[in-house]
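Fold and contact review
Read off the chains here:
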Amino acid sequence: MENSRALHDELKHIVGESGILPEAQVAAYAFDGYVPKAVVLPASIQEMQDVLQFAAKADLSVVPAGAGTKLGIGNLPQKVDLVLATTRLNNVIEYEPADLTVTVEAGIPLAALQTELAQHRQYLALDPPHANQCTLGGIVATNASGSLRMRYGAARNQVLGLRVLHANGTVVKSGGKVVKNVAGYDLNKLYIGAFGTLGIITEVTLKLSPIPAHEAILTADFQNVQSAANTGLNIVGSQTLPMFVNLFINTDLGSGETDEKKPILVVGFSGDPETVAWQLAQGQGIMEQNSTLGVTITEGESRVLLEETIREFPAANRDTENVMVKVNLKRTDIAEFTAQIMNASWARDIQIMALLGSGILYLSIPVTSDTDCRMLANTLTQLRESATARRGNLIVETAPLELKQHIDVWGPVGDTLGLMQQVKDRFDAKGLLNPGRFVSGI
């Protein structure tokens, strides 16, 4: 269906005038050089089913989305016809404060949910980037998380149940509404992190946590990366039970300082005030035993601002001014791998955040008009090989179109590819959902 006006008219019969994003706003859902033919905003599961049925008959691809904050993740698509956004499915379906569980529609923004939960001194212990915009469906589909994953795990660890719409219109329910739900296969894990290639998440049941009575952050400068990393790992293994232990390299954390940037260790604690006071004292003691250049305690509004800076570090600009790379490693390999990066001549302007408690490195690589994307792709491939040799992996989360033309952003998946392709074929036989964007072009 080449005529865009005819396409919009057909879709309006399904979702109504308010269910089609005005053409002037469609660019907000553009990615990798593709502008979708239409952005559809269904208001019900039935409308979603009708859209998928229409797309299948018209041979149109469908890209599931929430607020669109993660559309830049993935390989170049085979084609982009329709974006199906869940933002009108944004209700709290069931909330049981006494059980610490909540069931929501996939399009509800994380910030809106947190506001609702805060009335009962509860929250969802996830702090992914784009926190003020991203939806729960997008968070779960991409298994997004943040620094809090050290204490609470990633999104996959917070999900109790899902309702998912398959490409053929079938609605599938997995999991349940209680924490101890062990009956049958754990199908939740199949959909979480599948980037909408197996189905569109429409409903999520989550486990919640009480909001801590008090929170504080310790920051410390160190002379070198090895000393900072070792200190952080000592705190990770201590009885202080930190919320997160992050290492920043070549980053000023918003201070605006222009002097030489020392490695900075940032450790978050939470609990009742007496517990946090003890944690701070123990953490500071460990830092001072490891020759820190200075320790700072941050609380109150300053802590909130610092946590926001930490949370948004991986939030690459939608204009792809930076390449954002995620490396998964063993905790004990982070210092050596980081040193390998920083010793390279090309790495002078790279900023790094390491989640020492989770074994994750985020690399923010600036891109300018002078950047040789072919050379950068070769460099990232070499880093990926180094990570793989350490039994880790490297994913290019956000990159300009030219760079994606020279590199598989996911990297090889080994012997599991055949099984993954079989699952995709069974769940989405026509390749309707997100074609080409997942690992190995699935």
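Everything discussed here concerns the structure shown above.
Quick look at the structure, then.

What counts, and at which threshold
- In this numbering scheme, every chain counts its residues from 1 along its sequence in written order.
- Only residues with pLDDT of at least 70 get local features here, since the model is predicted, and only at 80 or more are side-chain atom pairs given and counted; chain-wide, interface and lining totals rely on the full set of residues.
- Hydrogen atoms and water are omitted, and side-chain values are computed over all heavy atoms in the structure.
- If DSSP finds at least two bridges between two strands, the strands pair.
- By definition, any uninterrupted DSSP run of H or I lasting at least four residues is a helix, any uninterrupted run of E lasting at least two residues is a strand, and each is numbered from the N terminus.
- Take the residue count of a helix, subtract one, and multiply by 1.5 Å to get its expected span.
- Remark: exposure states derive from per-residue accessible area (1.4 Å probe, protein chains only) relative to the maximum for the residue type, with buried under 20%, exposed over 50%, and partly exposed in between.
- Between two residues, a contact is recorded if the distance between any of their heavy atoms is within 4.5 Å.
- Any pair of N or O atoms that falls within 3.5 Å is considered a polar contact. Within protein, one atom must be able to donate a hydrogen and the other to accept it, and sequence-neighbouring residues count only if both atoms are side-chain atoms.
- Working convention: axes come from line fits to C-alpha atoms, limited for helices to the stretch in contact. Angles between N-to-C directions cover 0 to 180 degrees.
- By convention, a stacked pair of Phe, Tyr or Trp rings (six-membered ring in the case of Trp) has centres within 6.5 Å and planes under 30 degrees apart, an edge-to-face pair has planes over 60 apart, and any other such pair is tilted.

Points about the pairing of strand β4 (residues 92-96)
Sheet topology places β4 next to strand β5 (residues 101-105); four bridges connect them, and they run antiparallel. Directly across from Val-92, in β5, lies its bridge partner Val-104. In sequence, β4 turns back onto β5 through a hairpin of four residues, with Leu-100 there showing a positive phi of about 55°.

Points about helix α12 (residues 373-389)
An ideal rise of 1.5 Å per residue puts 24 Å on 17 residues; α12 measures up with 24 Å between its terminal C-alpha atoms. Three or more residues of α12 are buried, namely Cys-373, Leu-376, Ala-377, Thr-379, Leu-380, Leu-383, Arg-384, Ser-386 and Ala-387. On the buried face of α12, the contacting elements are β15 (322-328), α11 (334-342), β17 (360-366), β18 (393-398) and α13 (401-404). With a side-chain oxygen positioned 3.1 Å from the backbone nitrogen of Arg-374, the residue opening α12 is Asp-372. Downstream of α12 by a residue or two, Arg-391 has a phi angle that is positive, lying close to 65°.

Notes on the sheet that holds strand β7 (residues 159-165)
One open sheet holds the five strands; their spatial order is β4-β5-β9-β7-β8, and the pairing between them is antiparallel. Every interior strand has two partners, whereas the edge strands, β4 and β8 (171-175), have only one. The mean inter-strand angle of the sheet, taken between neighbouring strand axes irrespective of direction, is 10°. Direction of pairing for β5 relative to strand β9 (residues 200-207): antiparallel, over a ladder of five bridges. Directly across from Glu-105, in β9, lies its bridge partner Glu-203. Together, β7, β8 and β9 form the strand contacts of helix α2 (residues 45-58), whose direction differs from that of β9 by roughly 145°.

Concerning the packing of aromatic side chains
As enumerated under the stated definition, the model contains six aromatic pairs in all. Relative to Phe-427, the ring of Tyr-191 has its centre 5.9 Å away and its plane inclined at 70°; by these criteria the two rings are edge-to-face. Taken as a pair, Tyr-191 in helix α7 (residues 188-191) and Phe-427 in helix α14 (residues 417-427) lie far apart in primary sequence, 236 residues in all. For Tyr-191, a relative accessible area of 4% translates into the label buried.

Looking at the side chain of Asp-428
Residue position: Asp-428 is located in the segment after α14. A residue is classified by how much of its surface remains accessible, and Asp-428, at 3% relative accessible area, is buried. At 3.0 Å, the side chain of Asp-428 forms a polar contact with the backbone nitrogen of Leu-432. A polar contact is formed between the side chain of Asp-428 and the backbone nitrogen of Leu-433, at a distance of 2.8 Å.

Re the environment of Arg-121
Position of Arg-121 relative to the elements: it lies in the loop between α3 (110-118) and β6 (122-123). Separated by 291 residues in the primary sequence, Arg-121 and Pro-412 place their C-alpha atoms 43 Å from one another. Ignoring sequence-local partners within four residues, the contact set of Arg-121 consists of Ser-209, Pro-210, Ile-211, Pro-212 and Ala-213.

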